[in-house]
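Architecture at a glance
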Amino acid sequence: MMNKQGRATTGSGGHHMDIETISGDRGLDHEEPLIFELGRAGKCGVDLPDLEIKHDRLGGLRRRGQIGLPGLSEPEVVRHFVRLSRKNYAIDAGLYPLGSCTMKHNPRLNEKMARLPGFADIHPLQPVSTVQGALALIEELAFWLKTLTNMPAVAMSPKAGAHGEQCGLKTIKAAHKARGEKRSVILVPESAHGTNPATAALVGYTVEEVPANERGRVDVEALKAKLGPHVAAVMLTNPNTCGLFENDMRAIADAVHKAGAYFYCDGANFNAIVGKVRPGDLGIDAMHINLHKTFSTPHGGGGPGAGPVVLSAALAPFAPLPLIVHDAGGFRLVEDKADAKARDAKPFGRMCAFHGQMGMFVRALAYMISHGADGLAQVAEDAVLNANYILASLKDVMSAPFGKGPCMHEALFDDTFLKDTGVTTLDIAKALIDEGYHPMTMYFPLVVHGAMLIEPTETESKRSLDEFVAVMRGLVEKAKGNDKSRFQGAPFLAPRRRLDETAAARKPILRWTPPAPKAQAAE
Ligand SMILES: *Cc1c(COP(=O)(O)O)cnc(C)c1O
């Protein structure tokens, strides 16, 4: 059934009372059109004096046509965005079990620190003498990142994990080039996050896959067999995307270095080992750290993130500009290659216009300092404990392909337990939405069939884990009891029902076109 706004209602087999409202809204869940459909050209929310342009200062480049922005009043704008925000699932609304994402609580203390005017109101082009405190903070965060990883250098400017990967591989490329070598291949395990092969391709490498063994770890012999003078680096995630610790890191590092290649570690899952294991001790040459996964800064959805990259002594000279240095005059930024050369540095270039994301740096350092060394180690312990609680509480009714031993920070299940039920991983994920949860990561990693990857994080209480486990066990029982109607067509209670996600991804409609003006109705 469709109501007047074109929203599908549950129809028959509904699991709740099927009321058609006059407004199309459902209680506090308001139907919300696009802001362009709400607005009206010529309407203005503020009172501005008419603009009087005496002479054109833009050399004739002044806009002449309509800009096409919707006109709305302030309350209309506020309502629009508040209504949209209420359709969103957020870490502040409930448990967010996405694996390989680490959706952990963003402490409010971090927010308070980031809003201090000395950090929040500065501009990257301000004279360096006026931002000494900000540069000192970046240096202090860099110090702690280097200390926690036992790595001698860190590039602070990359703005996300994927951007950090790009920075790391460009550093590796520059190091090979300085040795007069041209290597073309990056080895990536088959369980790798999609950004790893994508980054390798972007930086101009070809990707070769390394298989996993039956324990869900990299097959070390297969990896060794693939090494050679054409291999630039191995990219490995540890703990890996099956939620398992790679035990053979030292052996892999030795083999990689013997072959003249570098060892890149995807550090997205550093939250599981921070304060417990130092990647530098494992022989790693470069590793990005997603501040939004390990150090509790908000996930920016591609927005203002930070993915600093720690570097080994071999790669440190090639780190990108700018470099922060401290000399007689205080902190200073090395911004060009000539200045860098005088300091024996050979930067490959730069990753972005300025120095990175100040607000994220403040939040990450606030998180580190408020936890202290013992607190950070406990973060890792609790994250692992909570994931194992999920694994232990569900593995008798779901199927855990590597569930014989403990997991690290996330629990991986496959869809073997759904065999012959007619219910799929996707169905379980959609039914979870009706239960008030964001779905877990599904169909990733690709190494297991119908994967469901659950990462509770350390900030969930036992009570909230028990509630989630009870919901999962209930859904599994319904699936096994052949209650297919509970799943097919789920979610029933969300603002939108099941969407054509493939079409939405492949053929997104990103441009709104105004409807053709209606012809004057005949009398
Ligand atoms: C999240 C993640 C990335 C990408 O990081 P972004 O900050 O989202 O760009 C890369 N690898 C793994 C294993 C991840 O979980």
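Conventions used here
- Residues numbered from 1 in each chain as written.
- Predicted model: local features only at pLDDT ≥ 70, side-chain atom pairs only at ≥ 80, totals over all residues.
- Heavy atoms only, no water.
- Helix = DSSP H or I, 4+ residues; strand = E, 2+ residues; numbered from the N terminus.
- Rg over C-alpha atoms; globule rule 2.2 N^0.38 Å.
- Buried < 20%, exposed > 50% of the residue type's maximum accessible area, 1.4 Å probe, protein only.
- Contact = heavy atoms within 4.5 Å.
- Areas by Shrake-Rupley, 256 points an atom, 1.4 Å probe, with all protein chains shown as cover.
- Pairing = 2+ DSSP bridges.
- Axes fitted to C-alpha atoms, helices over the stretch in contact; angles between N-to-C directions.
- Core = buried A, V, L, I, M, F, W, Y, C linked by side-chain atoms within 4.5 Å.
- Domains from an automatic or database assignment.
- Parallel < 35°, antiparallel > 145°, perpendicular 65-115°, else oblique.
- Left-handed = near helix turned anticlockwise from the far one by under 90°.
- Nonpolar A, V, L, I, M, F, W, Y, C, P; charged D, E, K, R; others polar.
- Buried area = accessible area lost by both parts, 1.4 Å probe.
- Salt bridge = Lys/Arg side-chain N within 4 Å of Asp/Glu carboxyl O.
- Polar contact = N/O pair within 3.5 Å; in protein donor to acceptor, adjacent residues only side chain to side chain.
- Near = heavy atom within 4 Å.
- Phe/Tyr/Trp six-rings, centres within 6.5 Å; stacked < 30°, edge-to-face > 60°.
- Lys NZ or Arg CZ within 6 Å of the ring centre and 35° of its normal.
- 1 Å grid on protein atoms, 1.4 Å probe; cavity = no way out; pocket = protein on both sides within 12 Å on 5 of 7 lines; lining within 4 Å.
- Points joined across faces, edges and corners; volume = space filled by probe spheres on them.

Time to look at the overall build of the chain. Check the secondary structure of the chain and you find 15 helices and 12 strands. Relative to the compact-globule value of 24 Å for 523 residues, the chain shows a C-alpha radius of gyration of 26 Å, a close match. Taking the principal axes of its C-alpha atoms as reference, the chain extends roughly 80 × 75 × 45 Å. Here the chain holds 523 residues, and the buried ones make up 47% of them. Within the chain, contacts between residues separated by at least 24 positions form 68% of all contacts whose residues are at least 6 apart in sequence. Looking at the chain as shown, the accessible area adds up to about 26,600 Å², and 57% of this sits on carbon and sulfur atoms.

With respect to topology, 3 strands assemble into an open sheet ordered β10-β12-β11, the strand pairing being antiparallel. If you trace the sheet from one side to the other, it starts and ends with β10 (411-413) and β11 (441-442), each paired once. The strands touched by helix α12 (residues 358-394) within the sheet are β10 and β12 (452-454), with β10 carrying the most contacts at an inclination of about 30 degrees.

Right, let's get into the nonpolar core. With 61 residues, the main nonpolar core has Leu141, Leu145, Leu223, Leu227, Leu291 and Phe295 as its most contacted residues. Those elements that place two or more of their residues in this core are α5 (132-149), β2 (185-189), α8 (220-226), β4 (231-237), α9 (249-258), β5 (262-266), β9 (330-334) and α12. The biggest single contributor to this core is α12, with 12 residues. Two domains share this core, each providing at least three of its residues, namely domain 1 (109-365) and domain 2 (374-505). Apart from the residues lying within four places of it in its own chain, the contact partners of Leu291 are Leu141, Leu145, Ser296, Thr297, Ala306, Pro308, Met360, Phe361 and Ala364. Ranked by size, the runner-up nonpolar core spans 32 residues in total, among them Val423, Ala479, Phe487 and Ala490.

Here we take up the packing of α5 against α12. Interhelical geometry of α5 versus α12 gives an angle of 45 degrees and a closest axis separation of 10 Å. What the angle tells us is that α5 and α12 run oblique. With respect to the hand of their crossing, α5 and α12 are arranged in left-handed fashion. Across the interface between the two elements, Ala134, Leu137, Ile138, Glu140, Leu141, Trp144, Leu145 and Leu148 from α5 touch Met358, Phe361, Val362, Ala364, Leu365, Met368, Ile369 and Leu376 from α12. For the contact of α5 with α12, the per-class residue count stands at 15 nonpolar, no polar and 1 charged.

Quick look at the domain arrangement of the chain now. When cut into domains, the chain gives domain 1 (109-365) and domain 2 (374-505). Taking the mean C-alpha position of each, domain 1 and domain 2 sit 31 Å from one another. Counting residues at the interface gives 23 residues for domain 1 and 19 residues for domain 2. Both faces considered, domain 1 and domain 2 share a buried interface measuring about 1,600 Å² in area, 69% of it formed by carbon and sulfur atoms. Summed over the shared surface of domain 1 and domain 2, the result is 1 salt bridge. Counting across the interface, domain 1 meets domain 2 through 4 residue pairs in polar contact (both at pLDDT 80 or more). Here the residues of the side of domain 1 that touches domain 2 are counted per class, giving 10 nonpolar, 9 polar and 4 charged.

Our focus in this paragraph is the site of the ligand. Surveying the vicinity of the ligand reveals 14 residues, the closest of which are Ser100, Gly161, Asp266, His292 and Lys293. At 2.7 Å from an oxygen atom of the ligand is found a main-chain nitrogen or oxygen belonging to Gly161. A distance of 2.5 Å separates a nitrogen atom of the ligand from a polar atom in the side chain of Asp266. When isolated, the ligand has an accessible area of 380 Å², and the protein chains bury 87% of it. At the level of elements, α6 (161-178) and α10 (291-294) are the ones that each hand at least two residues to the shell around the ligand. Here the shell around the ligand gets 3 residues from one element, more than from any other, and that element is α6. Residues of the shell around the ligand, tallied by class, amount to 3 nonpolar, 8 polar and 3 charged.

This part is about the packing of aromatic side chains. A complete count under the given rule lists 5 aromatic pairs for this structure. A ring pair is formed by Phe36 and Trp512, whose centres lie 5.3 Å apart and whose planes are at 20 degrees; its orientation type is stacked. A residue pair is termed long-range when its members are at least 10 positions apart, and Phe36 in helix α1 (residues 35-38) and Trp512 in the segment after α15 (501-506) qualify at 476 residues. Here the aromatic rings of Tyr437 and Phe468 are separated by 5.1 Å at their centres, their planes lie at 75 degrees, and the arrangement is edge-to-face. Of this pair, Tyr437 sits in the loop between α13 (425-434) and β11 while Phe468 sits in helix α14 (residues 462-480), placing them 31 residues apart in sequence. No difference in accessibility class separates Tyr437 from Phe468, as the two residues are buried. Lys173 extends its terminal NZ or CZ atom over the ring of Tyr205, reaching a point 5.2 Å from the ring centre.

Turning to the side chain of Asp427, a few remarks are in order. Tracing the backbone through its elements, the reader meets Asp427 in helix α13. Look past the residues within four positions of Asp427 in its chain and what remains in contact with it is Gly422, Phe487 and Arg498.

Applying the stated rule across the entire model yields 2 cavities of 30 Å³ or more. Size it by volume and the largest cavity reaches roughly 60 Å³. What lines the largest cavity is simply Cys242, Leu244, Leu391, Ala400, Pro401, Phe402, Gly403, Cys407 and Leu412. For the lining of the largest cavity, the class distribution of residues is 8 nonpolar, 1 polar and no charged.

A few words on the side chain of His176. Secondary-structure assignment places His176 in helix α6. Residue classification places His176 among the buried residues on the basis of a relative accessible area of 2%. Reaching out from His176, the side chain makes a polar contact with the backbone oxygen of Ala232 at a distance of 3.1 Å. Once residues within four sequence positions are removed from consideration, His176 is found in contact with Glu181, Arg183, Ala232, Gly260, Ala261 and Tyr262.

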